[in-house]
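Structure assessment
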Amino acid sequence: MSATIALVDDDRNILTSVSIALQAEGFVTRLYTDGENALKALTENPPDLAVFDIKMPRMDGLELLRRLREKSNLPVIFLTSKDDELDEALGLAMGADDYISKPFSQRLLIARIRAILRRAELAAQPAGEEEEEVELLVRGRLEMDPARHRVMWGGNEVTLTVTEFLILESLARRPGVVKSRDQLMDAAYQEDMYVDDRTIDSHIKRLRRKFRQVDDQFDAIDTLYGRGYRFTEE
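For the chain, an unreviewed UniProt entry supplies the name DNA-binding response regulator and the organism Sphingomonas cavernae.

What follows is the structure, encoded as structure tokens:
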């Protein structure tokens, strides 16, 4: 079955051109010109992935994402203006899976959509007989179940996006070992695409915040300035 992509942008020219490009690649598209109309549709009949513009009237992309994340972990890619660094950081901190700056290559957008959909599909796959034999990844108070995309900390469930899960799994598989940003990019973005340092940093900040919502003393992800990050096992 073809994946359904929701496009939310007040620029009808962008909606039309991106929709045509996605349909040519076999995707089904739904188009929305403002956040208010999109929110109702995205929660009542979720697509497989959504692409939001940030700058929109009535309800901008950041507010749309904030309200969507109250109900759903739907994969989301942001479209941003080239100079909107603050908006990019806020979007990632609020739960976007990625962002692309305008003007953008439709080929790049399609590549990122495919990569995120593949990760989401793998994470959502029910565990088969062989997968049930795979051991959980347990590091101190952390317990990760890759087959079910489930994360627990001290017995409390922590809901992560696919990108967050892959970054944490990369760190937790080798506790105490420093992972550079490039290594974490390779773990989370398994495609030939550019992701800058700020993206990884934003994902790490969001990971810490989510864990501190269940444990305000969480400090298992260390920053080693100029080198990268590491997971410290208690």
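**Observations concerning the overall build of the chain**
In terms of helices and strands, the chain carries nine helices and eleven strands. For the chain, the proportion of its 234 residues judged to be buried stands at 50%. Long-range pairs, those at least 24 residues apart, make up 59% of the contacts in the chain with a sequence separation of at least 6. Carbon and sulfur atoms form 45% of the exposed surface of the chain, whose accessible area is close to 11,900 Å².

**Topic: the nonpolar core**
Considering soluble globular proteins, one finds that nonpolar side chains tend to be buried as a cluster. With 27 residues, the main nonpolar core has Leu142, Val151, Leu168, Ile204, Phe211, Ile221 and Phe231 as its most contacted residues. Within the residue set of this core, elements represented by two or more residues are β7 (142–145), β8 (150–153), α7 (162–172), α8 (181–188), α9 (197–212) and β11 (228–231). The greatest single-element share of this core, amounting to seven residues, is contributed by α7. Sequence-distant contacts of leucine 168, that is, excluding residues within four places in its chain, are made with Leu142, Met144, Val151, Leu160, Leu207, Phe211, Ile221 and Phe231.

**Remarks on the side chain of threonine 4**
Summarising the element assignment, threonine 4 is placed in strand β1 (residues 4–8). Residue class for threonine 4 comes out buried when judged on its relative accessible area of 12%. The residues contacting threonine 4, other than those within four sequence positions of it, are Val28, Arg30, Pro47, Asp48 and Leu49.

**So, the pattern of salt bridges**
Considering all chains together, one arrives at 15 salt bridges under this definition. Across the salt bridge formed by lysine 40 and glutamate 44, the nearest N and O atoms sit 2.7 Å from each other. Here glutamate 44 and lysine 40 lie together in helix α2 (residues 35–44), a separation of four residues that amounts to about one turn. The residues lysine 40 and glutamate 44 share a single accessibility class, namely exposed. The salt bridge partner of glutamate 70 is arginine 66, with a shortest N-O separation of 3.0 Å. A relative accessible area of 55% places glutamate 70 in the exposed class. Ionic contacts of the salt-bridge type, sharing partners, join the residues Asp34, Glu36 and Arg58 into one network.

Analysis parameters
Residues numbered from 1 in each chain as written. Predicted model: local features only at pLDDT ≥ 70, side-chain atom pairs only at ≥ 80, totals over all residues. Heavy atoms only, no water. Helix = DSSP H or I, 4+ residues; strand = E, 2+ residues; numbered from the N terminus. Buried < 20%, exposed > 50% of the residue type's maximum accessible area, 1.4 Å probe, protein only. Contact = heavy atoms within 4.5 Å. Areas by Shrake-Rupley, 256 points an atom, 1.4 Å probe, with all protein chains shown as cover. Core = buried A, V, L, I, M, F, W, Y, C linked by side-chain atoms within 4.5 Å. Salt bridge = Lys/Arg side-chain N within 4 Å of Asp/Glu carboxyl O.

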